[in-house]
Every structure is written in C-alpha cells, then in structure tokens.
Amino acid sequence: MYSKELIKGTLRTVVLRLLDQEGRLYGYQMNKRVEDLSDGRYTLTEGALYPLLHKLVKDGLLTTETEKVNGRARRYYSITEAGRAAATSRREEFRSFLLTMQTLLDLKPEKT
Amino acid sequence: MIILSEHQVARVQAHLARAGLNEQLSTELLDHLCCAIEARMTTGESFDQALSETLKSWPIRQLRDLQKTINFTTKTKPMLYRASAAIALVAGICLLSPFTSVDHSAPLALDHHDHSSDYAADYSRFDPPTASPIAGVDMKAALSSGFGMRKHPLTKRTTLHRGIDLKAKVGTPVQATAPGKVIYAGEDGNYGITVRILHEDGYVTAYCHLSKHVVERGDRVILGQEIAAVGTTGQSLGPHLHYEVLKDDVPVNPLALVD
Ligand SMILES: [Zn+2]
C-alpha cells in the first residue's frame, strides 16, 4: 500500500479520471474499482473519499442522484462537463509531473 | 450474490445512528457499510462476523470526524490557489537543491492564477495542517487529552480545551505541521513557552508548554522543520505538548483535519 501522502496528493486526479471513464459510480464501487486496478496497492480510505466527493459536488465537478437498490438508498456520482475538463487537465499535469520526477529522482526504467 | 435483509440493515443503521450523522451522510455510509458486509459474506463469513469486522474500522469517533471533515472542506471559501502538497514538496526540492540552475521552464506549474479556467478552480487550496507536531508520532496514539469541553485538571473548571495534549518526554523535538511564518516565540503566561505559526488560508498553529524554542519571530519555516522542544512550562501538570490549530482565530480540532 502506498503512503497516505502520495494517495492524498493524487486522490482527486484518480477519482475524476475514474468517473470520466465510467460515467457513474457509487462510493463503495469506486473503492473496489481502484483497489482492483491497483492490485490493492492504492486504497481509497472512506475517510478521504467521501469528503472529496462532497467537495467535488460542491465545486460543480460532479452531480449526484439517489436510487433505491436492494431496498437501500444508493447515492451515485456522475461527472459534469467541468469535471471532465478538470479530469483531463489533472491527468495531463500528472503526466508531466511524472517526467519531472523521473529527472529529479534520476529514475531509470528498470531492465528485467 | 448476498443481499442483506431489512433486519440486518437495521443493525448497521443502529451503529451509524450512535454517531449522530446528518441524514444524507448517514444514508450514504449505510449503503457503503452494507456493501462491505455483503462482500465479506460472499467470501463465507457469517453476518455477525462480517458486521463486527466492518464496524471495527468505523468507530463512532471516526464517523464523527468524517462528518466534521466534510463540513469543513465543503465550507471553506476559495482563497489562495496553490499547487498540491506533492508539487509544493518538489518545488522545495528544486529551490533547495543544486538542481536550481536546471531548466526552470520544466512543466511544473507553481503559480496558477488563471481563475478563468476550470483547471485553476480545481486546484488544491492550502491544505489544513494535518501533520503530527512530533515527528513519527501518531497524534491519536499519543493523545492524553482531546479537544473540546473538559474539566481543567488544575482549575477544575469546565472550559473549552482549545487544542490537544500529546504525551512526550521533555526535550522531544517539536516540528512545524505546515509551512508558514513564526508570529510568536517566547513566554506566554499559562501557555508557558509557546511558538505560534501563521499559515496560508487563515490558519495558525500553536505549540505550548515548551522547554525551549529554536525559531524566532519572523522566521519562515517549512513543514517538518524543528521549531522547539517539549517541556512543562506555564500551567502544566507534567511534560506534554499542547497543540492548537486555529482557523480565522477559531480553535478547531486538529484531529478532525486528519484523514
Ligand atoms: Zn492542553
């Protein structure tokens, strides 16, 4: 599992990208999806995920709707146009950030 | 696929009800916890097993903290747009290291004041101080007295405890929990030797009952910089660090800011 700091700094980028691709997800589902995609190394703690989701809704990057599923109310999140734009620019920023880190930390691709 | 019965859902709800959450958050977390329990049951656990395992990672205090964090993060006004913590860190490395002379046009955007784009609006603001004031020590683990109303151990009067107390030996180094500027360093009555740091976005952190301070008023400090040592000066019963976080002069619970 990666450190809290690394996850904290990238959570927003990851969540926006996920919703950009999948369209509509609920909280638990995001958790699962990210855990599966990362082989369990990137864990969205609920304590970080929900404050972020509510913030993104407030900032107009996501919208929500509630549906009854299996007798329970389920809150789904969808991405807005502004959210899509943010997802793209965050992803692009991260790409160049990675290149910069590669230089700063002198990371060579591992040869196997 | 396993789906919890109404009765089982009610038991999960009973746990959440104890935290006194608002309805929307309570409903959302109920579904989340039920999903987690169902997933555990799919692997063969009984409902009771799955329930207790799932709730273990969701103590009441943590639920309350979550609600506070949400209230806090959805209420702060947009003020200073800033690069995220990770980028700021790299900026620090750039400025402090011999790399300084390398390419400044590197795609590391530090000053985003382009308010017109969604991108800038999406930028992280100043993160509230979340680090522990004692390096390598978890605030929750070292906590000897929490934030909020309490009977004062010396005066016996019920007053607001404006910060948290952390157990530590005299001389233990104290570190800045966010970058900022020292606005006070010295003796401060009941607080004893105290350091106060002003951060962005109206945050101030205070470190009290110190044995000494190693920074002075006006100094700029970075996250994790040693600023003082634990002591028991001022109105204090024994060695500990009293740590406060203020937002626009109002004391907030430092633990509520931590994820
Ligand atoms: Zn105290």
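Being a predicted model, the structure only gives us computed values, none of them experimental.

**Student:** Mind showing me how you'd approach the overall build of chain B here?
**Tutor:** Check the secondary structure of chain B and you find 8 helices and 12 strands. Taking all 259 residues of chain B together, the buried fraction comes to 46%. A total accessible area of about 13,000 Å² is found for chain B, and carbon and sulfur atoms account for 56% of it.

**Student:** Hey, could you run me through the coordination of the zinc ion in this one?
**Tutor:** Reference geometry at the metal: tetrahedral coordination by four donors gives ideal angles of 109.5 degrees; octahedral coordination by six donors gives 90 or 180 degrees. Residue and element names in this part refer to chain B. Taken together, His161 (NE2), Asp165 (OD) and His242 (ND1) make up the protein donors of the zinc ion, found 2.0 to 2.2 Å from the metal. Taken in sequence order, the residues that donate to the zinc ion follow the motif H-x3-D-x76-H. One end of the pair, histidine 161, is in strand β3 (residues 158–161); the other, histidine 242, is in strand β11 (residues 240–247), with 81 residues separating them in the sequence. Since its relative accessible area comes to 4%, histidine 161 is described here as buried.

**Student:** Just to check I follow, could you spell out helix α4 (residues 81–104) of chain A for this structure?
**Tutor:** Helical periodicity: at 3.6 residues per turn, an α-helix aligns residues three or four positions apart in one direction. Residues and elements named next belong to chain A. Its 24 residues place the ends of α4 34 Å apart at the C-alpha level, agreeing with the 34 Å of an ideal helix rising 1.5 Å per residue. Residues of α4 that are buried: Gly83, Ala86, Ala87, Ser89, Arg90, Glu93, Ser96, Phe97, Thr100 and Leu104. Just downstream of α4 lies aspartate 106, where phi reads positive at about 55°.

**Student:** Which parts of the structure should I look at to understand the pairing of strand β2 (residues 148–151) of chain B?
**Tutor:** Strand residues, when the strand is regular, have side chains that alternate between the two faces of the sheet. Residue and element names in this part refer to chain B. With 4 bridges connecting them, β2 and β3 associate as antiparallel partners. Considered in β3, the bridge of arginine 150 is made with threonine 159. Between the antiparallel neighbours β2 and β3 lie 6 residues, among them lysine 156 with a positive phi of about 65°.

**Student:** Can you help me understand the pattern of salt bridges in this one?
**Tutor:** Opposite charge on two side chains lets them pair, provided their charged atoms get close. Going through the model one piece at a time under the given rule, you end up with 18 salt bridges over all chains. A salt bridge links arginine 41 of chain A to aspartate 39 of chain A; the nearest nitrogen and oxygen atoms lie 4.0 Å apart. For aspartate 39 of chain A, a relative accessible area of 64% corresponds to the exposed category. Among the salt bridges present, the one from arginine 40 of chain B reaches glutamate 45 of chain B, with a minimum N-O distance of 2.7 Å. Look at arginine 40 of chain B and you get partly exposed, because its relative accessible area is 30%.

**Student:** Can you walk me through the nonpolar core in this structure?
**Tutor:** Generally speaking, soluble globular proteins have nonpolar side chains that are buried together. The biggest cluster of nonpolar side chains holds 45 residues, and the ones touching the most others in it are Val15 and Met30 of chain A. Here the element with the most residues in this core is helix α2 (residues 23–42) of chain B; it accounts for 7 residues. Leave out the neighbours within four places in its chain, and methionine 30 of chain A touches Val15, Leu18, Leu19, Leu25, Leu44, Leu49, Leu53 and Tyr77 of chain A. Membership of the second largest hydrophobic core comes to 28 residues, among which are Ile164, Ile197, Ala228 and Val230 of chain B.

**Student:** Is there a simple way to think about the sheet that holds strand β3 (residues 72–79) of chain A in this case?
**Tutor:** Strands belonging to one sheet form pairs held by backbone hydrogen bonds; the direction of such a pair is parallel or antiparallel. A sheet is described by the order of its strands in space; here 3 strands give the open sequence β1-β3-β2 (chain A), paired in antiparallel fashion. A strand with exactly one partner marks an edge of an open sheet, and here the two such strands are β1 (24–26) and β2 (62–69) of chain A. On average, each strand axis in the sheet is tilted by 35° relative to the strand beside it, whichever way the strands run. Bridge count between β2 of chain A and β3 of chain A: 8 bridges; the pairing is antiparallel. Of the residues in β3 of chain A, the one forming a bridge with leucine 62 of chain A is isoleucine 79 of chain A. Packing against the sheet, α2 of chain B makes contact with β1 and β3 of chain A, and its axis sits at approximately 100° to β3 of chain A.

**Student:** I tried to follow the side chain of threonine 194 of chain B on my own but got confused; where do I start?
**Tutor:** Within the fold, threonine 194 of chain B resides in strand β7 (residues 193–198). Discounting residues that sit within four places of it in the chain, threonine 194 of chain B has contacts with Tyr184, Ala185, Gly186, Asp188, Tyr207, Cys208 and Leu210 of chain B.

**Student:** How do you make sense of the environment of threonine 172 of chain B when you look at a structure like this?
**Tutor:** All names here are of chain B. Summarising the element assignment, threonine 172 is placed in the loop between β4 (164–167) and β5 (173–175). Setting aside anything within four residues of it in sequence, one finds threonine 172 in contact with Ile134, Ala228, Ala229 and Val230. Among the polar contacts made by the side chain of threonine 172, one reaches the main-chain carbonyl oxygen of lysine 169 at a distance of 2.6 Å.

**Student:** Whenever I open this one, the state of the cysteines confuses me. Can you help?
**Tutor:** Here a disulfide denotes a covalent bond joining the sulfur atom of one cysteine to the sulfur atom of another. Residue and element names in this part refer to chain B. All chains considered together, the criterion is met by 0 disulfides over all chains. Cysteine 35 carries a free sulfur, and the closest cysteine sulfur to it, the one in cysteine 34, is 7.2 Å from it. What makes cysteine 35 buried here is its relative accessible area of 5%.

Parameters at a glance
Residues numbered from 1 in each chain as written. Chains lettered and ligands numbered in written order. Predicted model: local features only at pLDDT ≥ 70, side-chain atom pairs only at ≥ 80, totals over all residues. Heavy atoms only, no water. Helix = DSSP H or I, 4+ residues; strand = E, 2+ residues; numbered from the N terminus. Buried < 20%, exposed > 50% of the residue type's maximum accessible area, 1.4 Å probe, protein only. Areas by Shrake-Rupley, 256 points an atom, 1.4 Å probe, with all protein chains shown as cover. Donors = N, O, S within 2.8 Å, 3.2 Å for Na, K, Ca; no water. Expected span 1.5 Å × (residues − 1). Pairing = 2+ DSSP bridges. Salt bridge = Lys/Arg side-chain N within 4 Å of Asp/Glu carboxyl O. Core = buried A, V, L, I, M, F, W, Y, C linked by side-chain atoms within 4.5 Å. Contact = heavy atoms within 4.5 Å. Axes fitted to C-alpha atoms, helices over the stretch in contact; angles between N-to-C directions. Polar contact = N/O pair within 3.5 Å; in protein donor to acceptor, adjacent residues only side chain to side chain. Disulfide = S-S within 2.5 Å.

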